Amino acid sequence: MDGWSGDSSHQHSWVQRESEAGQRSPPKLRPAAVFASANRAAHLEASPLRRTHLGSHLRAGASAGRRKRRRRRLPALPPRLPGPPAATMSASAVFILDVKGKPLISRNYKGDVAMSEIENFMPLLMQREEEGALAPLLSHGRVHFLWIKHSNLYLVATTLKNANASLVYSFLYKTVEVFSEYFKELEEESIRDNFVIVYELLDELMDFGFPQTTDSKILQEYITQQGNKLETGKSRVPPTVTNAVSWRSEGIKYKKNEVFIDVIESVNLLVNANGSVLLSEIVGTIKLKVFLSGMPELRLGLNDRVLFELTGLSGSKNKSVELEDVKFHQCVRLSRFDNDRTISFIPPDGDFELMSYRLSTQVKPLIWIESVIEKFSHSRVEIMVKAKGQFKKQSVANGVEISVPVPSDADSPRFKTSVGSAKYVPEKNVVIWSIKSFPGGKEYLMRAHFGLPSVEKEEVEGRPPIGVKFEIPYFTVSGIQVRYMKIIEKSGYQALPWVRYITQSGDYQLRTS
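Residues numbered from 1 in each chain as written. Predicted model: local features only at pLDDT ≥ 70, side-chain atom pairs only at ≥ 80, totals over all residues. Heavy atoms only, no water.

Peer 1: Before we go on, may I ask you to explain the environment of Tyr199 in this structure?
Peer 2: Here Tyr199 is to be found in helix α8 (residues 195-205). Exposure remark for Tyr199: the relative accessible area of 38% places this residue in the partly exposed category. Residues Tyr199 and Ile105, 94 residues apart in the sequence, show an inter-C-alpha distance of 8.0 Å. Beyond its immediate stretch of four places on either side in the chain, Tyr199 contacts Ile105 and Ser106. (Helix = DSSP H or I, 4+ residues; strand = E, 2+ residues; numbered from the N terminus. Buried < 20%, exposed > 50% of the residue type's maximum accessible area, 1.4 Å probe, protein only. Contact = heavy atoms within 4.5 Å.)

Peer 1: What is the right way to look at the packing of helix α6 (residues 165-183) against α8 in this model?
Peer 2: Packed helices, taken two at a time, are described by the angle their axes make and the gap between the axes. Packing of α6 against α8 brings their axes to within 11 Å, and their N-to-C directions diverge by 140°. Here α8 runs oblique to α6, going by the angle between their axes. Where α6 crosses over α8, the handedness of that crossing is right-handed. Across the interface between the two elements, Phe171, Thr175, Val178, Phe179, Tyr182 and Phe183 of α6 pack against Ile197, Val198, Leu201, Leu202 and Leu205 of α8. (Axes fitted to C-alpha atoms, helices over the stretch in contact; angles between N-to-C directions. Parallel < 35°, antiparallel > 145°, perpendicular 65-115°, else oblique. Left-handed = near helix turned anticlockwise from the far one by under 90°.)

Peer 1: How should I be thinking about the nonpolar core in this particular structure?
Peer 2: Counting 68 residues, the largest nonpolar core has Ile286, Leu288, Leu300, Ile343, Phe345 and Leu354 as the members making the most contacts within it. Looking at this core element by element, the count peaks at 6 residues for strand β8 (residues 258-271). If we skip the residues at most four places from it in the chain, Leu354 touches Ile286, Lys287, Leu288, Leu300, Lys327, Phe328, His329, Cys331, Val332, Ile343 and Phe345. Judged by nonpolar contacts, the second largest core, of 33 residues, contains Val94, Val178, Ile197 and Ile223. (Core = buried A, V, L, I, M, F, W, Y, C linked by side-chain atoms within 4.5 Å.)

Peer 1: When you look at the packing of aromatic side chains in this model, what are you seeing that I'm missing?
Peer 2: Here a ring pair, both rings aromatic, is described through the centre-centre distance and the interplanar angle of the planes. With the rule as written, the count across this model stands at 13 aromatic pairs. Arranged with centres 4.8 Å apart and planes meeting at 70°, the rings of Phe328 and Phe337 form a pair that is edge-to-face. Pair check on accessibility: Phe328 and Phe337 agree, each one buried. Seen in terms of ring centroids, Phe470 and Tyr508 are 5.3 Å apart; in terms of plane orientation they differ by 90°. Their pairing is edge-to-face. A residue pair is termed long-range when its members are at least 10 positions apart, and Phe470 in strand β21 (residues 466-473) and Tyr508 in strand β23 (residues 496-510) qualify at 38 residues. The burial state of Phe470 is the same as that of Tyr508; both residues are buried. Through pairs of rings, three or more aromatic residues link up here, namely Phe121, Phe145, Trp147 and Tyr154. Lying across the ring of Tyr484, Lys486 places its NZ or CZ 5.2 Å from the centre. (Phe/Tyr/Trp six-rings, centres within 6.5 Å; stacked < 30°, edge-to-face > 60°. Lys NZ or Arg CZ within 6 Å of the ring centre and 35° of its normal.)

Peer 1: Explain helix α5 (residues 121-131) here, please?
Peer 2: Buried residues of α5: Phe121, Met122, Leu124 and Leu125, and no others. Viewed end-on, α5 has its buried residues packed into an arc of 160°, placing them on one side of the element. When the buried face of α5 is taken as reference, the exposed residues oriented beyond 90 degrees from it are Glu130 and Glu131. Turning to α5, the residues buried within the fold contact β1 (93-98), β3 (137-140), β4 (143-150) and β5 (153-159). One or two residues past the end of α5 sits Gly132, with phi positive at roughly 75°. (Arc of directions from axis to C-beta.)

Peer 1: What should I look at first to understand α8 in this one?
Peer 2: Within an α-helix, residues lying three or four positions from one another point in the same direction, as the helix has 3.6 residues per turn. Within α8, burial applies to Ile197, Val198, Leu201, Leu202 and Leu205. What you see down the axis of α8 is that its buried residues fit within an arc of 135°, all on one side.

Peer 1: In this structure, what is going on with the confidence of the model for the chain? I would like to understand it.
Peer 2: In regions of low pLDDT, the predicted coordinates are not meant to be interpreted in detail. For the chain, mean pLDDT is 79; residues scoring 70 or higher make up 75% of the total. This model gives residues 227-236 a pLDDT under 50, and the stretch forms 3 contacts once residues within four places in sequence are excluded. (pLDDT = per-residue confidence, 0-100.)

Peer 1: Help me understand the sheet that holds strand β22 (residues 482-488) in this model?
Peer 2: Paired through their backbone hydrogen bonds, the strands of a sheet run either parallel or antiparallel. Spatially, β12-β10-β22 is the arrangement adopted by the 3 strands of the open sheet, whose pairing is antiparallel. With partners counted over all chains shown, the strands left at the sheet margins are β12 (343-345) and β22, one partner each. With direction set aside, neighbouring strand axes in the sheet form an average angle of 15°. (Pairing = 2+ DSSP bridges.)

Peer 1: How should the pairing of strand β18 (residues 421-425) be read in this particular structure?
Peer 2: Remark: a regular strand shows side chains that alternate across the two faces of the sheet. The pairing of β18 with strand β19 (residues 430-439) spans 5 bridges and is classified as antiparallel. Within β19, the residue paired with Ala422 across the bridge is Trp433. The loop that links β18 with its antiparallel partner β19 comprises 4 residues; one of these, Asn429, has a positive phi angle of about 55°.

Structure, rendered in C-alpha cells:
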C-alpha cells in the first residue's frame, strides 16, 4: 500500500484547492476501481521499466478517470523493451563427472533441462580447449553449462535461464567445501564410496535450483556418516536450521571458555630477471577457533585505517592498515560494520574463517634469491643459488623450500649446501633446497652440478622461475594487529582470547636470466 500513501497526499492538496474555489470535494478514491481502469494484469506482467512508468501514472493520476472536467489524458505507455528476464540463481541440475566426462552422480532440481544434455559438455569442453578459447561458461543451444574442476572431478550446473553466474559458482565451490568436510579428500573414489550421503547432501544443499543449508557444521547434525535408527514421529531437522542464528546451536557448554585467533597473511610476489618487482600483494585471512558456552557476542577490533580516521586515532604513533576487498563470514553484522567499522558477531562453534582481505602494496621480497648458471664444454652445467633473508633478525622462517628449475635432460646430480639439504625431483625438473630454519638477515649458498647431454634444448624450452615456500610465525607483512577482542555473554563468564600471527608464501616467484 506504499503507492496509496502518495495518492492520499495528492488528493488532499487537490481537495484544498477546490474547496478554496467554492466547489464541492471530489468523491473518495477506490483503489480497486483505479486498478481495474488501468488494467491490473498488464501492470503486473509488464517489464520492470514499464511497471515503473505505469506505477508513476497510477500514483500521480489515480483519479484521472473521474476528473472529466480536467480533460487530461495519460500519455501513451512505451512499448515493452526486449531483453532477458531479471537474473536469478535457478540452476536446473547439478552433475559430478569424472575426468573423462562420465556422470558419477547427478541431481535434477527443476526438470526443465533434459539430463541427456550433459553428454554435450565434454565434447564442447575439449573443442574449446583445442581452440584455446576455454571458458568457465559453455553453451550448447539454449542450455548453459557452468562448471569448475576439482582434483579429478568436474562439477557442472546446467540452466536455461539468464542465471546469476557468480552465485552458481559460489554454490559449486561451497559444495566442494562441504564434501571435503565430510570425506576429507574429494575425488572420484570418495564419491563412489559415499553415494547415499552425496545424494542426501545434494537434496539439502539446494532446493528447486536455489541454495538452502550450505553450512557443513549444521549439515553434520542430521546427515551423518553412521547408520541411523528409524525414529517414527520425530523430526530430524535440528533447531539451528530454523533459528535466526542458523550457524550456532543453543545449549553449548565448555568448562574453559577460550577463543584462538589466527591472523594469516600470504605474500604473492613476482620479480623479473633484473630484480624489479612486477607484482606484489598481500592476501590475509582471520581464522577463529571458538570454545565458548552459550550464545556469546564477540567484537573484534583491528588497526583499521578507516576506523582510526572515524575515531580520531590516526597519527604517527598509531600504525594502521587500509583493508581492501574485505569478505566476512555470514555471522558478521554488515550494517554495524558499514556504520562504524565494528566487527560484531555471534560466532559458530569450533573452527571457521571470520574474514579475508587484500592489500595491494609494494612488498619487499622477504627471501631474496640470486642464481648463476655456468655451462662447461657443452656437457655439464653448474647452478649456484644464494638465498638471503630480508626480514627482521628476531624472526625466523620455517619450512623454507626453494625450487630451482633445471633442464629436462639433466642427469647425474651432485649438490653442496651451506645449510639444509637438496634433492633432485626429475618428474618436475627441479631441485628442491630445503631449509628447516632460516633466521632473518642470514645468507646461504647451494651449488648443484648436472651432466647435460644436449645443452641446446634448454634454449628452446626457456627457463621457469624459481619458486619459494616459507612460513614466518609471530610476524605480519602488512602490520595488521588485533587491538581487542570483547566477549559478551549474559551469564557473564570470563573468557581468554589468544592471538597468533603468521606470514607465509603465496604465489612467490623470481624469474632468472
